[in-house]
Amino acid sequence: MINIVLFGKPGAGKGTQAEFLKGKYNLTHLSTGDIFRFNIKNETELGKLAKTYMDKGDLVPDEVTIQMLQSEVDKNPESRGFLFDGFPRTLSQAEALDKFLESKDEKITATVALEANDEILVKRLLERGKTSGRPDDQDEEKIRNRYQEYNEKTAPLMDYYKAQNKFHAVDGIGSIEEITHRLSTVIDSL
């Protein structure tokens, strides 16, 4: 089983690349954003709680995120591996994910970070916001708040995974095909 964590700031192309990776490597794609939106749309208790944080541009607390994610993993017992997109975002989430996977005799195989300049990403998100309908993609201040949250809480995860020799950085600027090729090169080398 292969379990990949896909990192990147909002707008870095995680969702686009995840579609390719799940098909090529036969992985179950678990996007916390999609999981949150599903729970919010269906007005689950966890969804209602997550929405109060997302509306402010804040990260959803670990306990809520972890409960949603565990539920999704448990729904896919026959999976050949998972592609975690947008999770973990904090050190405590990474530790909780490791503990959860260990309980299933699994582990994270590798983490891959799509890296890109903030200014390029802000422009991407504002463009996406014109068609996505997502309020958090239409307000530059909220976008920059999400990047600050990412830098403060997510970036330290790089050291956590580097210490385990599981961290790989990939240039997230270029055509979709170029970025896909870079990701495939890393995953094929595992």
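See the structure shown above.
Just so you know, these numbers come straight off a predicted model, no measurement behind them.

Draft legend 1. Spotlight on the overall build of the protein chain. When helices and strands are tallied, the protein chain shows 9 helices and 5 strands. Ordering the α and β elements of the protein chain from the N terminus gives β-α-β-α-α-α-β-α-β-α-α-α-β-α. Here the protein chain has a C-alpha radius of gyration of 16 Å; the compact-globule value for 190 residues is 16 Å, and the two agree. Its C-alpha atoms give the protein chain principal-axis dimensions of about 40 × 40 × 30 Å. Counting all 190 residues of the protein chain, 46% fall into the buried class. Sequence-distant contacts in the protein chain: of pairs separated by 6 or more residues, those separated by 24 or more amount to 71%. Averaged over its 27 positive side-chain charges, the protein chain has a centre that lies 2 Å from the centre of its 33 negative ones.

Draft legend 2. Region of interest: the pairing of strand β1 (residues 2-7). Most of β1 sits inside the fold, with 6 of its 6 residues counted as buried. What you see with β1 is no split at all: Ile2, Ile4 and Leu6 on one side and Asn3, Val5 and Phe7 on the other are buried throughout. Here β1 pairs with strand β4 (residues 110-115) via 4 bridges, running parallel. Its bridge partner lying in β4, Ile4 is registered against Ala110.

Draft legend 3. Broad picture of the packing of helix α2 (residues 32-41) against helix α4 (residues 62-74). The geometry of α2 relative to α4 is characterised by a closest axis approach of 10 Å and an angle of 95 degrees between their N-to-C directions. On the basis of the axis angle, α2 is roughly perpendicular to α4. Each of Thr32, Ile35, Phe36 and Asn39 in α2 lies in contact with α4, whose residues at this interface are Thr65, Met68, Leu69 and Glu72. Split into classes, the residues belonging to the contact of α2 with α4 amount to 4 nonpolar, 3 polar and 1 charged.

How each quantity is defined
- Residues numbered from 1 in each chain as written.
- Predicted model: local features only at pLDDT ≥ 70, side-chain atom pairs only at ≥ 80, totals over all residues.
- Heavy atoms only, no water.
- Helix = DSSP H or I, 4+ residues; strand = E, 2+ residues; numbered from the N terminus.
- Rg over C-alpha atoms; globule rule 2.2 N^0.38 Å.
- Buried < 20%, exposed > 50% of the residue type's maximum accessible area, 1.4 Å probe, protein only.
- Contact = heavy atoms within 4.5 Å.
- Lys, Arg positive; Asp, Glu negative; His and termini not counted.
- Charge placed at Lys NZ, Arg CZ, Asp CG, Glu CD.
- Pairing = 2+ DSSP bridges.
- Axes fitted to C-alpha atoms, helices over the stretch in contact; angles between N-to-C directions.
- Parallel < 35°, antiparallel > 145°, perpendicular 65-115°, else oblique.
- Nonpolar A, V, L, I, M, F, W, Y, C, P; charged D, E, K, R; others polar.

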